[in-house]
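Close look at the chain arrangement
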Amino acid sequence: MMDSLMDFYRGKRVFISGHTGFKGTWLCEMLVLAGADVTGYALEPPTTPALFCLTGIENSIHSLTGDIRDFQGLKRAMDQAQPEIVIHMAAQPLVRESYANPMYTYETNVMGTVNILECVRSSHCVKSFLNVTTDKVYRNREWEWGYRENEELAGYDPYSNSKSCSELVTGTYRDCFLKDEGIAVSTARAGNVIGGGDFARDRIIPDCVRAAMKGEDIVVRNPGSIRPYQHVLEPLYAYLLILARQYENASNAGNYNVGPDEADCIRTEELVKLFAKAWGQGVNWVSQCSRGPHEANYLKLDCSRLKQILGWKPSWNIEKAIEMTVEWSKCWVLHEDVKKCMDLQIETFLKGVKRDGCMEK
């Protein structure tokens with residue numbers, strides 16, 4: 001077993017779909033710091049501004065522009081990269097957008113998964129594959145305990161349902177094709193992520209930052225909704241852990257929930273209060289009941305499987321996650337070095353993981 005998870009990635013060829021997004025950029029930076037040879041395949045950054053552009057990470061990786069729906073373009077990129085490890089993150093990730101554009105959502109989230117799995121199937125170099133989906137893949141029964149990996153997959157809205165389909169597609173490819181080729185396959189169902197550099201529409205923390213910058217009240221659509229909020233570095237570290245452990249031993253592959261401890265599954269209004277306290281400057285918020293499309297009110301994950309099999313546990317609680325998010329956001333607002341802030345946060349996170357004695361086997 002490796003002495004350090006990040007040491008494992010030194011010199012490894014890693015292919016990431018969806019690398020220009022919020023999570024993808026943080027993941028690229030982690031892997032570059034670890035010494036990996038990273039290739040990314042994605043559309044242009046989805047927001048303006050974009051974390052991908054602010055950090056200049058494009059200069060440290062092989063960044064290829066392409067659509068996950070374009071099988072031939074994706075295959076050329078994979079053939080060129082010859083990756084040992086593949087992380088599939090390309091997606092249409094917004095619930096509300098999925099109501100407006102359901103066909104595009106299914107094409108991207110379902111057929112995009114088929115395309116990358118076909119590329120993996122024809123590869124002679126991939127040893128470890130991870131499909132990153134969402135906590136919303138489960139049939140939501142609005143119950144108070146966390147969903148486990150063996151619960152029914154049946155997301156309600158087009159986004160959630162397309163991710164449920166992506167999970168099923170991955171399972172079929174694993175069982176019918178990839179297992180016989182010796183390729184370890186897992187999926188990761190992550191909770192709601194927060195962190196510096198998320199500029200997406202219709203997400204609570206980006207909305208908070210935009211309102212705070214303008215000196216306006218934060219408008220909260222669903223203050224009573226409970227979500228498994230976690231800092232972006234938490235699931236990214238878990239993804240890297242899963243990929244490394246199944247690379248070494250395929251018996252570690254499987255479906256994994258990745259979320260915070262129950263104490264950090266909080267109401268949206270509590271999250272906003274924590275943000276307002278951390279930001280200061282008299283930030284206020286108001287509740288504005290949403291009449292938008294249906295979204296689940298109650299959602300938790302049971303992450304016992306990831307903890308028991310791979311020794312994982314969350315490192316930063318929700319207060320720390322908010323603190324780090326505000327720190328990065330204020331760095332950006334003040335036109336300071338956001339990449340340096342990002343790197344320091346990654347370093348702090350990794351030191352905390354090692355000090356706590358978890359995950360570093």
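Before reading on, note that the structure itself is shown above.
Below: a short report on this structure. Since the structure is predicted, the reported quantities are computational estimates derived from the model, not experimental observations.

Basis of the calculations
- Residues numbered from 1 in each chain as written.
- Predicted model: local features only at pLDDT ≥ 70, side-chain atom pairs only at ≥ 80, totals over all residues.
- Heavy atoms only, no water.
- Phe/Tyr/Trp six-rings, centres within 6.5 Å; stacked < 30°, edge-to-face > 60°.
- Buried < 20%, exposed > 50% of the residue type's maximum accessible area, 1.4 Å probe, protein only.
- Lys NZ or Arg CZ within 6 Å of the ring centre and 35° of its normal.
- Pairing = 2+ DSSP bridges.
- Helix = DSSP H or I, 4+ residues; strand = E, 2+ residues; numbered from the N terminus.
- Axes fitted to C-alpha atoms, helices over the stretch in contact; angles between N-to-C directions.
- Contact = heavy atoms within 4.5 Å.
- Arc of directions from axis to C-beta.
- Core = buried A, V, L, I, M, F, W, Y, C linked by side-chain atoms within 4.5 Å.
- Parallel < 35°, antiparallel > 145°, perpendicular 65-115°, else oblique.
- Left-handed = near helix turned anticlockwise from the far one by under 90°.

A closer look at the packing of aromatic side chains
Evaluation of the coordinates by the stated rule reveals eleven aromatic pairs. On the numbers, 5.0 Å between centres and 25° between planes, the contact of W143 with W145 is stacked. We classify W143 as buried; its relative accessible area is 17%. Relative accessible area serves as the criterion here: at 45%, W145 is assigned to the partly exposed category. Each residue in the set Y138, W143, W145 and Y147 is aromatic and connected to the rest through ring pairs, giving one cluster. Over the face of the ring belonging to Y247 we find K127, whose NZ or CZ atom lies 4.2 Å from the ring centre. The ring of Y256 has R305 sitting right over it, with the charged end atom 4.6 Å from the ring centre.

Side note on the sheet that holds strand 4 (residues 85-88)
Reading across from one edge, 3-2-1-4-5-6-11 is the order of the seven strands in this open sheet, with parallel pairing throughout. With one partner strand each, in any of the chains shown, strand 3 (62-65) and strand 11 (255-258) form the two edges of the open sheet. Taken over all neighbouring pairs, the strand axes of this sheet differ in orientation by 15° on average, direction set aside. Pairing geometry for strand 5 (residues 128-132) and strand 6 (residues 184-190), over five bridges, is parallel. The partner of N131 across the bridge, within strand 6, is T187. In the packing of helix 9 (residues 233-248) onto the sheet, the strands contacted are strand 4, strand 5, strand 6 and strand 11, and the crossing angle to strand 5 comes to about 150°.

Quick word on the environment of F177
When you line up the elements, F177 lands in helix 7 (residues 158-178). Exposure remark for F177: the relative accessible area of 30% places this residue in the partly exposed category. For the pair F177 and P206, spaced 29 residues apart in sequence, the C-alpha to C-alpha distance is 41 Å. Excluding its chain neighbours within four sequence positions, the residues that come into contact with F177 are R121 and T172.

Overview of helix 4 (residues 71-81)
Each full turn of the α-helix corresponds to 3.6 residues, which orients residues three or four apart in the same direction. Inspection of helix 4 places G73, L74, A77, M78 and A81 among the buried residues, and these make up the whole buried set. Down the axis of helix 4, the sector holding all buried residues measures 135°, keeping them to one side. When the buried face of helix 4 is taken as reference, the exposed residues oriented beyond 90 degrees from it are R76 and Q80. The elements touched by buried residues of helix 4 are strand 1 (13-17), strand 2 (37-42), strand 3, strand 4 and helix 6 (102-121). Q82 occupies a position one or two residues after helix 4 and carries a positive phi of about 50°.

Details of the nonpolar core
The biggest cluster of nonpolar side chains holds 63 residues, and the ones touching the most others in it are Y9, I16, W26, L31, I87 and L240. Top element by residues in this core is helix 9. It accounts for eleven residues. Leave out the neighbours within four places in its chain, and I16 touches L27, C28, L31, V38, T39, G40, Y41, I87 and M89. V114, L117, V169 and Y173 belong to the second largest nonpolar core, which has 22 residues in total.

Details of the packing of helix 2 (residues 22-34) against helix 9
Axis separation between helix 2 and helix 9 bottoms out at 10 Å; the angle between their running directions is 55°. Judged by the angle between their axes, helix 2 and helix 9 are oblique. Judged by the twist between their axes, the crossing of helix 2 over helix 9 is right-handed. On helix 9, the residues that touch K23, W26, L27, M30 and L31 of helix 2 are L233, L236, Y237, Y239 and L240.

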